[in-house]
Amino acid sequence: MIRTDIIQKLTESGFLITQEAVVTLQETDMPLDLVNEILKHVDESVVVIGQSQVTAAKESFNSQKKVVRSLAFLPQTDDESADVLATTEVGQTDVANGHAEPRRKPRPMTVLADITESSTCVGTYEEFVRYFRNRYDRLSEIIRKRVNSRPIESLTYCNRGREGWFDDERGTGGKISIIGLVNETRDTPNGHRVLELEDPTGYFSGIALKNKGAYDAALQVVLDEVVGITGSLASDGKVLFIDSITWPDIPPQHQPTHAENDVHVALTSDIHIGSNTFLTSAWKDFAEWIASSEDERAQKIAYVIVAGDVVDGIGVFPNQEAELAIDDIDDQYAAAASLFEMLPSNISIIVAPGNHDAVRQAEPQPALSSDYAKSFSNNVTCIGNPALIELCGVKILIYHGRALDDIIAAIPGCSYGNPDGAMREMLKRRHLSPVYGNRVSIAPESTDHFVIDSIPDILHCGHVHTIGASQYRGVTVVNSGAWQGQTKYQRSQNINPSPGIMPVCSLGSTEMTFVNFLEHNGR
């Protein structure tokens, strides 16, 4: 009896199983009989079948001296052998469906950027200064390619008895540009919008008049991001009247890279194994679809990417224990390993952590440690959050997405119902987590790992539990929903999740389609 048969039979009965228990069953002469014995005697309170249940089943089986031969070892006809070849050893030659070649060929993955094993900060004041200076330097360099800017210090000369410094600009309507990190945003009593920028040389304020074109853009500016403002100095030289705002942004002419072969990747996140609202049956349907479906998309999938929150965790929010089906973190990850085991063994599974996983809460987060990933199969690779990877020449930026909470709260027009809109704002700012000090706790590394230096072909996030996908200047943007039903907190916030829907992306075209495993049909 092969691994997937064991896992599927137990899953159909409502149970998960640890990797060690699967191996023990496979090593026995009659695994199917033992699985039946487990199901006959297991307590209903058990969620994950472990070694203790397997041992108890073996003892019970031997004591009753059963000599029932498993049907898995009966002789097969040629037709039966063909069926088994087509459906059981996932990834083997699919003779029944007329495929002479393997359905999927795993391809290598290259990690281009990841904090794992590179964190050095301890949280000192000097480290935070260095961190924000790194952010400013890298993002301002991008903006300078489009804006001819001055240091802020040069503007302050006007207030030091050098009123004639910018007479040419004021007299001819010439424009002045500065670039800075946003230190403050506020509204005046008359309803105008003030932006105070900071660069290494000083501070200066710009004002967007409410009846001018830059006003709406000024409302989109958030704290701690880096922008350029262009406008005219006031007569006293103490403020800049803003005509336009420049973000680092993705160049309009950017063209994505496509894979030479039509390889597919399944994008998912927020599995939340251990939660009592985890959708076990939907995951089982996904596993069956990807293993044996005649759907061409399923046959072309070589990678599955999980963008964080593999498990529900322990103590993540108050009274979480009342919403847990598995209340031990090690058991949650063992159950995760069991679910990954249901997928074809020659598909590469790439796992990033999220705020519910057993890693530090400060971002960027390193990959799951071997203490928790020890039961994962060899086809599972753990990476940090965020991480930039390359698959078949296509760059994919993976970020769990906790900063989406801050972006949605800060930028008018962003919402949980359309998460890809908030993700486009990340690309516009060339930064995954621009707002400091709100929901996201940031570790002040020497390099700001949230800056988007290398433009990805795909940006993949999760966290908000809603589906969204779109294109932005050649970048495919996708938020991959969840495998968890609506929680009490989501009901209290009127958030309607989109669980059980799997985005599938062709790396050959970056075309995105969706498979709904709650409704058992694609869209």
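Summary of the structure given here.

### A word on helix 1 (residues 3–12)
Working step 1: Among the residues of helix 1, Thr 4, Ile 6, Ile 7, Leu 10 and Thr 11 are the ones counted as buried. All buried residues of helix 1 project into a common sector of 160 degrees when viewed along the axis, lining one side.
Working step 2: On the buried face of helix 1, the contacting elements are strand 1 (16–17), helix 2 (19–26), helix 3 (31–41), strand 2 (48–49), helix 10 (280–292) and helix 12 (329–341).

### A look at the nonpolar core
Working step 1: Core analysis: the biggest nonpolar cluster contains 58 residues, and Trp 283, Phe 286, Val 304 and Phe 340 have the highest contact counts within it.
Working step 2: The element that contributes the greatest number of residues to this core is helix 12, accounting for seven residues.
Working step 3: Other than its neighbours up to four places away in sequence, Val 304 contacts Ala 266, Thr 268, Phe 286, Ile 290, Leu 343, Ile 347, Ser 348, Ile 349 and Ile 350.
Working step 4: Core analysis: the next-biggest nonpolar cluster, separate from the first, contains 39 residues, Ile 143, Val 226, Ile 442 and Ile 455 among them.

### Side note on the packing of helix 14 (residues 403–410) against helix 15 (residues 419–429)
Working step 1: Close contact between helix 14 and helix 15 brings their axes to 10 Å; oriented N to C, the two are set at 95 degrees. Judged by the angle between their axes, helix 14 and helix 15 are roughly perpendicular. On helix 15, the residues touching Leu 404, Ile 407 and Ile 408 of helix 14 are Pro 419, Ala 422, Met 423, Glu 425 and Met 426.
Working step 2: In terms of residue class, the contact of helix 14 with helix 15 is built from seven nonpolar, no polar and one charged.

### With respect to the packing of aromatic side chains
Working step 1: Under the criterion given, the structure shown has 13 aromatic pairs.
Working step 2: Relative to Phe 376, the ring of Phe 340 has its centre 5.4 Å away and its plane inclined at 75 degrees; by these criteria the two rings are edge-to-face. Remark: Phe 376 occurs in the loop between helix 13 (370–373) and strand 12 (380–382) and Phe 340 occurs in helix 12; sequence separation between them is 36 residues.
Working step 3: Judged by its relative accessible area of 4%, Phe 340 is buried.
Working step 4: Take Phe 376: its relative accessible area is 9%, and that puts it in the buried class.
Working step 5: A connected cluster of aromatic rings, assembled from ring pairs, spans Trp 283, Phe 286, Trp 289, Phe 340, Phe 376, Trp 483 and Phe 517.
Working step 6: Sitting over the face of the ring of Trp 247, Lys 428 holds its NZ or CZ atom 3.9 Å from the ring centroid.

### Quick look at the sheet that holds strand 15 (residues 458–461)
Working step 1: Spatial ordering of the open sheet is given by 3-13-14-15-17-16, a layout of six strands whose pairing is mixed. Edge positions in the sheet fall to strand 3 (109–114) and strand 16 (467–472), since each has one partner strand and no second. For this sheet, the mean angle separating the axes of adjacent strands, direction not counted, is 20 degrees.
Working step 2: Where strand 15 lies against strand 17 (residues 475–480), four bridges are found, and the strand directions are parallel. Across the sheet, the residue bridging to Cys 461 is Asn 479, located in strand 17.
Working step 3: This element, helix 15, spans strand 14 (394–399), strand 15, strand 16 and strand 17 of the sheet and lies at about 40 degrees to strand 16.

### As for helix 15
Working step 1: In terms of burial, helix 15 is largely enclosed, as ten of its eleven residues are buried.
Working step 2: Among the residues of helix 15, Pro 419, Asp 420, Gly 421, Ala 422, Met 423, Glu 425, Met 426, Leu 427, Lys 428 and Arg 429 are the ones counted as buried.
Working step 3: Check the buried side of helix 15 and you find it contacts helix 6 (125–144), strand 14, helix 14, strand 15, strand 16 and strand 17.

### Some thoughts on the sheet that holds strand 8 (residues 240–246)
Working step 1: In space, the five strands of this closed barrel follow the order 4-5-6-8-7, with mixed pairing throughout. Direction aside, neighbouring strands of the sheet carry axes that sit 55 degrees apart on average.
Working step 2: Pairing between strand 5 (residues 193–199) and strand 6 (residues 202–208): seven bridges, direction antiparallel. Bridged to Glu 196 within strand 6 is Ser 205.
Working step 3: Its contacts with the sheet put helix 6 on strand 4 (176–187), strand 5, strand 7 (226–233) and strand 8, and the angle it makes with strand 4 is roughly 125 degrees.

### As for the pairing of strand 18 (residues 501–506)
Working step 1: Of all the six residues making up strand 18, six are buried; the element is thus mostly covered by neighbouring parts of the structure.
Working step 2: Of the pairings in the sheet, the one linking strand 9 (residues 264–268) to strand 18 comprises three bridges and is antiparallel in character. Its bridge partner lying in strand 18, Ala 266 is registered against Val 504.
Working step 3: Where strand 18 lies against strand 19 (residues 512–516), five bridges are found, and the strand directions are antiparallel. Along strand 19, the bridge assignment pairs Cys 505 with Met 512.
Working step 4: In this antiparallel pair of consecutive strands, strand 18 and strand 19, the connection spans five residues, and Thr 510 shows a positive phi of 60 degrees.

### So, the layout of surface pockets
With a probe scaled to a water molecule rolled over the atoms, the places where space remains empty come into view.
Working step 1: The volume enclosed by the largest pocket comes to roughly 650 Å³.
Working step 2: Taken together, 25 residues form the lining of the largest pocket, with Phe 317, Asn 355, His 356, His 463 and Tyr 489 sitting closest to its centre.
Working step 3: Here the lining of the largest pocket takes three residues from helix 16 (residues 488–492), the largest share from any one element.
Working step 4: Split by residue class, the lining of the largest pocket holds seven nonpolar, eleven polar and seven charged.
Working step 5: Of the volumes computed, that of the second largest pocket is approximately 350 Å³.
Working step 6: Along the wall of the second largest pocket there are 14 residues; nearest its centre are Val 129, Phe 132, Arg 133, Leu 181 and Glu 198.
Working step 7: Elements represented by at least two residues in the lining of the second largest pocket include exactly helix 6, strand 4 and strand 5.

### Quick look at a negative patch on the surface
Working step 1: On the surface, Asp 327, Asp 328, Asp 330, Asp 331 and Asp 371 cluster together into a patch of negative charge.
Working step 2: Residue position: Asp 371 is located in helix 13.

### Quick word on unusual backbone geometry
Working step 1: A cis geometry characterises the amide bond from Glu 363 onward to Pro 364, with omega recorded as 5 degrees.
Working step 2: With a phi close to 55 degrees, Asp 249 is a non-glycine residue in the positive phi region.
Working step 3: Topologically, Asp 249 is positioned in the loop between strand 8 and strand 9.
Working step 4: Relative accessible area serves as the criterion here: at 9%, Asp 249 is assigned to the buried category.

Conventions we followed
- Residues numbered from 1 in each chain as written.
- Predicted model: local features only at pLDDT ≥ 70, side-chain atom pairs only at ≥ 80, totals over all residues.
- Heavy atoms only, no water.
- Buried < 20%, exposed > 50% of the residue type's maximum accessible area, 1.4 Å probe, protein only.
- Helix = DSSP H or I, 4+ residues; strand = E, 2+ residues; numbered from the N terminus.
- Arc of directions from axis to C-beta.
- Contact = heavy atoms within 4.5 Å.
- Core = buried A, V, L, I, M, F, W, Y, C linked by side-chain atoms within 4.5 Å.
- Axes fitted to C-alpha atoms, helices over the stretch in contact; angles between N-to-C directions.
- Parallel < 35°, antiparallel > 145°, perpendicular 65-115°, else oblique.
- Nonpolar A, V, L, I, M, F, W, Y, C, P; charged D, E, K, R; others polar.
- Phe/Tyr/Trp six-rings, centres within 6.5 Å; stacked < 30°, edge-to-face > 60°.
- Lys NZ or Arg CZ within 6 Å of the ring centre and 35° of its normal.
- Pairing = 2+ DSSP bridges.
- 1 Å grid on protein atoms, 1.4 Å probe; cavity = no way out; pocket = protein on both sides within 12 Å on 5 of 7 lines; lining within 4 Å.
- Points joined across faces, edges and corners; volume = space filled by probe spheres on them.
- Patch = residues over 30% accessible without salt bridge, like charges linked within 9 Å, V, L, I, M, F, W, Y side chains within 5 Å.
- Areas by Shrake-Rupley, 256 points an atom, 1.4 Å probe, with all protein chains shown as cover.
- Salt bridge = Lys/Arg side-chain N within 4 Å of Asp/Glu carboxyl O.
- Lys, Arg positive; Asp, Glu negative; His and termini not counted.
- Charge placed at Lys NZ, Arg CZ, Asp CG, Glu CD.

Function cannot be read off these values alone, since they describe shape.
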